[in-house]
Amino acid sequence: MNFDPTNEQRRWRDLARDYAQSEIRPRAAQLDREQKFPYDIVAEMANLGLMGLTLPEEYGGSGGDFVAYSLALEEISRADTSVGVTMEAHVSLGCVPIAVYGTQEQKERFLAPCAAGERLWAFGLTEEEAGTDAGGTRTTAELEDGEWVINGSKKWITNSGTDITGGVTVMARTGVREGGRPELSVIIVPQETPGYTRGPAYEKLGWRASDQHPLYFEDCRVPEENLLGERGHGLRQFLQTLDAGRVAVAALSVGLAQACLDEALKRARKRQQFGKAIAEFQAIQFKLADMAMEIELARNMVLKAAWLKDLGRAFGREASMAKVFASETAKRAADQAVQIHGGEGFMETSAVARYWRQVKINEIGEGTSEINRQIIARILLRENADEAKAKMVAQ
Ligand SMILES: Cc1cc2nc3c(=O)[nH]c(=O)nc-3n(C[C@H](O)[C@H](O)[C@H](O)COP(=O)(O)OP(=O)(O)OC[C@H]3O[C@@H](n4cnc5c(N)ncnc54)[C@H](O)[C@@H]3O)c2cc1C
């Protein structure tokens, strides 16, 4: 087994790390405080190829693999998860579905400016009645004279209201199946479409320099050819999109956990009590050791899931495992990092206070921990223990 990244994967990781540590990390506290979307940072990340890292080169993307993307996203998120989620939601949720399911015309028109990073793209699933249960979608799209007429609303949609947002792909009810279940489809809505508006941004606990809005559709009309993928396949497309998104959110979590360890190590070496650095107390050393062990394990889980995806093999269970474990690792790391800082960690002047606020969302977005545990258990219960174990070692 070879744990070394390829030269190309290493190049992406180092490029992201250099940029993130020199340009993003020093501004993260201010961006959080001012809740400002960092247009200049996103523009530079586009120049570096990060905003289209896994997207096809023929449409202006960087053509990198998923391992490279996970390594780069970890480094960006280690500097600031607000910027990390902007990159993740744009690439994994916004652009990948168009790259995978789009027609050539849709890719040329909608994906190309986004793969180059000039525009951002959003994915709108969540609604008042449709959170974990996508089947609760109430937004409707009816076909009328060659146009989809969309009515309804969405909430908390990332990257939906920036000055450079190109549009959103929305999940909508396009009919009813036998037994009354909704027929769900995904439709592309460009930003300037009449009848499509956005509400004000939210006041959030974390990810405060990222962009989320409620979306409103009132007799919003788009051409019939804006259907993404097959009619009625919306849920299936969404679940496949989410598998990869979970690995990405896990990478983001590893980055945040690593940032917690970085700060905790610095503080433990510097802070003197009882005439010596607190790093010399075994109680502090054990916290640092536990953080490092869990981060190592979480990173390996992310990279294994990413590696399976790159090989075109099944990775759904590994994606859910990585998502749950990495997000919970980050939460424990943030908690211990504050503990190691003592009262200083409770002050908004310390980075770890910000990390502690930011970390919670990782257990919620792109599939809560509860749902991911259910996915893992469901897969396990379908087979006997030996088969399950064999599959976990190698698929
Ligand atoms: C900052 C932010 C950005 C977001 N960005 C986007 C975006 O870009 N696009 C988008 O579409 N959405 C986005 N979301 C929405 C996000 O994906 C949802 O918040 C998430 O899917 C959970 O849905 P919910 O919040 O409605 O929780 P709910 O579904 O109401 O769940 C509440 C609780 O019940 C539990 N629960 C629900 N069902 C079950 C079950 N069957 N068994 C056991 N437990 C269950 C959940 O695990 C959770 O603990 C964003 C959310 C936030 C906060």
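Residues numbered from 1 in each chain as written. Predicted model: local features only at pLDDT ≥ 70, side-chain atom pairs only at ≥ 80, totals over all residues. Heavy atoms only, no water.

1. Describing the side chain of arginine 357
Here is the rule we go by: Only DSSP runs of H or I covering at least 4 residues are called helices, and only runs of E covering at least 2 are called strands; the numbering of each starts at the N terminus. Relative accessibility decides the category of a residue: with a 1.4 Å probe and only protein chains considered, values under 20% of the type maximum give buried, values over 50% give exposed, and everything between is partly exposed.
Examined against the element boundaries, arginine 357 turns out to sit in helix H10 (residues 351–358). Given a relative accessible area of 16%, arginine 357 falls into the buried group.

2. Quick look at the pairing of strand E2 (residues 140–144)
Note the threshold: Pairing between strands requires that DSSP locate at least two bridges from one strand to the other.
Pairing geometry for E2 and strand E3 (residues 147–158), over five bridges, is antiparallel. Counterpart to glutamate 144 in the pairing with E3 is glutamate 147. Where E2 hands over to E3, the hairpin turn is made up of two residues, of which aspartate 145 adopts a positive phi near 50 degrees.

3. Observations regarding the pattern of salt bridges
Selection rule: Counted as salt bridges are all cases of a side-chain nitrogen of Lys or Arg within 4 Å of a carboxyl oxygen of Asp or Glu.
Going through the model one piece at a time under the given rule, you end up with 25 salt bridges. Taking the shortest distance from any N to any O, the salt bridge between lysine 154 and glutamate 127 comes out at 2.8 Å. Note that lysine 154 is positioned in strand E3 and glutamate 127 in the loop between strand E1 (120–124) and E2, a separation of 27 residues in sequence. Each member of the pair, lysine 154 together with glutamate 127, is buried. Glutamate 263 is the salt-bridge partner of lysine 266, the closest N and O atoms lying 3.1 Å from each other. With a gap of three residues between them, lysine 266 and glutamate 263 both fall in helix H7 (residues 234–270), about one helical turn apart. Where salt bridges share partners, they join Arg17, Glu75, Arg78 and Asp262 into one cluster.

4. Details of the packing of aromatic side chains
The test is simple: Geometry of aromatic contacts follows a simple scheme: Phe, Tyr and Trp rings, the Trp one being its six-membered ring, pair when their centres are within 6.5 Å, and the pair is stacked under 30 degrees between planes, edge-to-face over 60, tilted otherwise. A ring has a charge above it when a Lys NZ or an Arg CZ is no more than 6 Å from the ring centre and no more than 35 degrees off the ring normal.
This structure, assessed with the given rule, holds six aromatic pairs. Centroid distance phenylalanine 274 to phenylalanine 281: 6.3 Å. Interplanar angle 80 degrees. Geometry classified as edge-to-face. Classification of phenylalanine 274 as exposed rests on a relative accessible area of 79%. Its end group placed over the ring of tryptophan 12, arginine 11 keeps NZ or CZ at 4.7 Å from the ring centre. Taking NZ or CZ as reference, lysine 155 lies 4.1 Å from the ring centre of tryptophan 156, over its face.

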